[in-house]
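Breakdown of the fold
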Amino acid sequence: MSDAVRPQPSTERGGDRSPPTWRRELADGIRDVATLRRLLELPPEIDQPADQGFPLLVPHAFVARMRRGDPRDPLLLQVLPSAAEGVEVPGFTADPVAESAALTAPGLVQKYAGRALMLVTGACAIHCRYCFRREFPYADAGATRGGVEAALDAIAADESIAEVILSGGDPLLADDGRLAEIIGRLEATRHVRRLRIHTRLPVVLPARITDGLVGLLGHTRLTVVVVIHANHAAELDAEVAAGLRRLAGARCLLLNQAVLLAGVNDTTTALRALSERLLDIGVVPYYLHQLDRVRGAAHFEVPETQALELHRRLRDSLPGYAVPRLVREVPGEPAKTWLA
Ligand SMILES: *Cc1c(COP(=O)(O)O)cnc(C)c1O
Ligand code: SF4
């Protein structure tokens, strides 16, 4: 995965050549463990574990929500490389969801009826240690400018596609001008009705929700669904809430997907607090994913029996719409598999 996200000259601010705030915050992301530990008032590590080729990356905005002095902080655990990543566990592989096999054009993944997923970029603003894309060969898969063009052509030629999902990496790392081009092409394709954006940026880099982006999403003929990714209530502070409120004001439907992660959110208390907090800020809990079995992430796995038990307790204590669907992605199935 590319972590080379550098500030670029931008015209997003009408002639002003300085990069927008979010690009600067992105470039200022923390990339070394020693700095992160110092900011969090944690003692320096004696034996720093190797990062397995997936380097630390986390924006300051996300670090600001971590508890000082707590090595078990649920946000910290999502980003801090650990020695457990180097342990080979049978069944944990480089491409656990068979994404490569489902590429129907460069940069286009088609697994489910009516929906096509576009790989807009391989880059992310944060590196989540449990991510199934940590080993995905983006450049080979077509997450490049040429790949995006080929994907748009394939979408235009396939009338069965009613919904286009922008994914990556994080598609909101494309700047507003680039997104406007992509959305323009999709609007010109009559059979496309919905635009779905799978992004962690509203949570980890809320400055990305610029006036330009809100205007873009608020003025398209497409129905816009924004699926954010938060795993713990502590990720959702007032700044995140304010950004999401602006997207809701632009008539975006807001959903959340979370991954069930050992040590992060594998208690009824944590999951209930996440659902309650999401609803407070206008986001519907959509999916709770069983971990994809990617190499290096086995220590995050929650056994399925425990996942089912947690989910049952959630159903017993929350309104139905506040209970996310517990799912696992099984390669070759026509939809995500509902476990409960
Ligand atoms: C998850 C996923 C989708 C969307 O599935 P929904 O059940 O509609 O949320 C579409 N395409 C791919 C490749 C996916 O992995
Ligand atoms: S979980 Fe999302 S934001 Fe995190 S590394 Fe994976 S693709 Fe990027």
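Refer to the structure printed above.
Everything in this summary refers to the structure shown in the same document.

Reading guide: rules and limits
Residues numbered from 1 in each chain as written. Chains lettered and ligands numbered in written order. Predicted model: local features only at pLDDT ≥ 70, side-chain atom pairs only at ≥ 80, totals over all residues. Heavy atoms only, no water. Salt bridge = Lys/Arg side-chain N within 4 Å of Asp/Glu carboxyl O. Helix = DSSP H or I, 4+ residues; strand = E, 2+ residues; numbered from the N terminus. Buried < 20%, exposed > 50% of the residue type's maximum accessible area, 1.4 Å probe, protein only. Near = heavy atom within 4 Å. Polar contact = N/O pair within 3.5 Å; in protein donor to acceptor, adjacent residues only side chain to side chain. Areas by Shrake-Rupley, 256 points an atom, 1.4 Å probe, with all protein chains shown as cover. Nonpolar A, V, L, I, M, F, W, Y, C, P; charged D, E, K, R; others polar. Expected span 1.5 Å × (residues − 1). Contact = heavy atoms within 4.5 Å. Arc of directions from axis to C-beta. Core = buried A, V, L, I, M, F, W, Y, C linked by side-chain atoms within 4.5 Å. Phe/Tyr/Trp six-rings, centres within 6.5 Å; stacked < 30°, edge-to-face > 60°. Lys NZ or Arg CZ within 6 Å of the ring centre and 35° of its normal. Axes fitted to C-alpha atoms, helices over the stretch in contact; angles between N-to-C directions. Parallel < 35°, antiparallel > 145°, perpendicular 65-115°, else oblique.

Notes on the pattern of salt bridges
Per the counting criterion, the structure on display carries 22 salt bridges. The salt bridge partner of Arg178 is Glu181, with a shortest N-O separation of 2.8 Å. A residue pair is termed a helical-turn pair when its members lie 3 or 4 positions apart in one helix, as Arg178 and Glu181 do in helix α7 (residues 176-187) at 3 residues. Given a relative accessible area of 10%, Arg178 falls into the buried group. When its relative accessible area of 43% is taken as the criterion, Glu181 is described as partly exposed. Note that Asp211 and Arg246 form a salt bridge whose closest N and O atoms lie 2.5 Å from each other. Here Asp211 is found in helix α9 (residues 211-218), whereas its partner Arg246 is found in helix α10 (residues 238-249), with 35 residues between them in sequence. The exposure class assigned to Arg246 is partly exposed, which follows from its relative accessible area of 33%. What emerges from the salt-bridge pattern is a single network uniting Arg145, Glu149, Asp153, Arg178, Glu181 and Arg185.

With respect to the site of ligand 1
Neighbouring ligand 1 are the residues Val109, Lys111, Tyr112, Arg115, Leu117, Ile165, Arg196, Tyr286, Tyr287, Glu329 and Lys336. At 2.6 Å, a side-chain N or O of Tyr287 approaches an oxygen atom of ligand 1. In this structure, an oxygen atom belonging to ligand 1 sits 3.1 Å away from a side-chain N or O atom of Lys336. Starting from 390 Å² of accessible surface for ligand 1 in isolation, the protein chains cover 92%. Every element with two or more residues in the shell around ligand 1 is listed here: β3 (115-119) and β8 (284-289). A per-class count over the shell around ligand 1 returns 6 nonpolar, no polar and 5 charged.

Observations regarding helix α11 (residues 268-280)
Relative to the 18 Å expected for 13 residues at 1.5 Å per residue, α11 spans 18 Å between its end C-alpha atoms, a close match to the ideal helical length. Taken together, the buried positions of α11 are occupied by Thr268, Ala270, Leu271, Leu274, Ser275 and Leu278. Check the buried side of α11 and you find it contacts β6 (223-229), β7 (253-259), β8 and α12 (304-315). At the C-terminal side of α11, Gly282 shows a positive phi close to 85°.

Here's the deal with α10
Residues spaced three or four apart along an α-helix face the same direction, because each turn holds 3.6 residues. With 12 residues, α10 should reach 16 Å at 1.5 Å per residue; the first-to-last C-alpha distance of 16 Å fits that figure. Val240, Ala241, Gly243, Leu244 and Leu247 are the residues of α10 that are buried. For α10, the buried positions fall inside an angular range of 165° around the axis, keeping them on one side. Away from its buried face by more than 90 degrees, α10 exposes Ala238, Arg245 and Gly249. Considering only its buried residues, α10 is in contact with α8 (201-204), α9, β6, β7 and α11. Of the residues flanking the end of α10, it is Arg251, one or two places downstream, whose phi is positive at about 65°.

A short note on the nonpolar core
If you look at the biggest cluster of nonpolar residues, it comprises 94 residues, and the most contacted ones within it are Leu36, Val58 and Met118. Those residues in contact with Val58 that sit more than four places away from it in its chain are Gly29, Ile30, Leu36, Val63, Met66, Val79, Ala125 and Ile126. The next biggest cluster of nonpolar side chains, apart from the first, holds 9 residues, and it includes Ala102, Val109, Leu119 and Ala143.

Concerning the packing of aromatic side chains
With the rule as written, the count across this model stands at 2 aromatic pairs. On the basis of an interplanar angle of 85° and a centroid distance of 5.9 Å, the ring pair of Tyr130 and Phe300 is categorised as edge-to-face. Separated by 170 residues along the polypeptide, Tyr130 in the loop between β3 and α5 (138-141) and Phe300 in the loop between β8 and α12 bring together distant segments of the chain. Judged by its relative accessible area of 5%, Tyr130 falls in the buried class. Across from the ring centre of Trp22, 4.3 Å away, lies the NZ or CZ of Arg208, which sits over that ring.

So, the packing of α7 against α9
The contact between α7 and α9 brings their axes to 10 Å, and the two run at 10°. Relative to α9, the element α7 lies roughly parallel. Contact with α7, carried on its side by Asp176, Leu179, Ala180 and Ile183, involves Gly212, Leu213, Leu216 and Leu217 of α9 and no other residues of that element. Grouping the constituent residues of the contact of α7 with α9 by class yields 6 nonpolar, 1 polar and 1 charged.

Describing unusual backbone geometry
Of all residues except glycine, most have a negative phi; of all peptide bonds, most are trans. Residue Gly169 is reached from Gly168 by a cis peptide bond, and omega for that bond is 15°. Topologically, Gly169 is positioned in the loop between β4 (163-167) and α7. One non-glycine residue, Glu41, lies in the positive phi region at around 60°. By the element assignment, Glu41 lies in the loop between α2 (33-39) and α3 (60-63). Glu41 gets classed as exposed once you look at its relative accessible area, which sits at 57%. Residue Arg251 is not a glycine yet carries a positive backbone phi of 65°. Mapped onto the fold, Arg251 is located in the loop between α10 and β7. A residue is classified by how much of its surface remains accessible, and Arg251, at 63% relative accessible area, is exposed.

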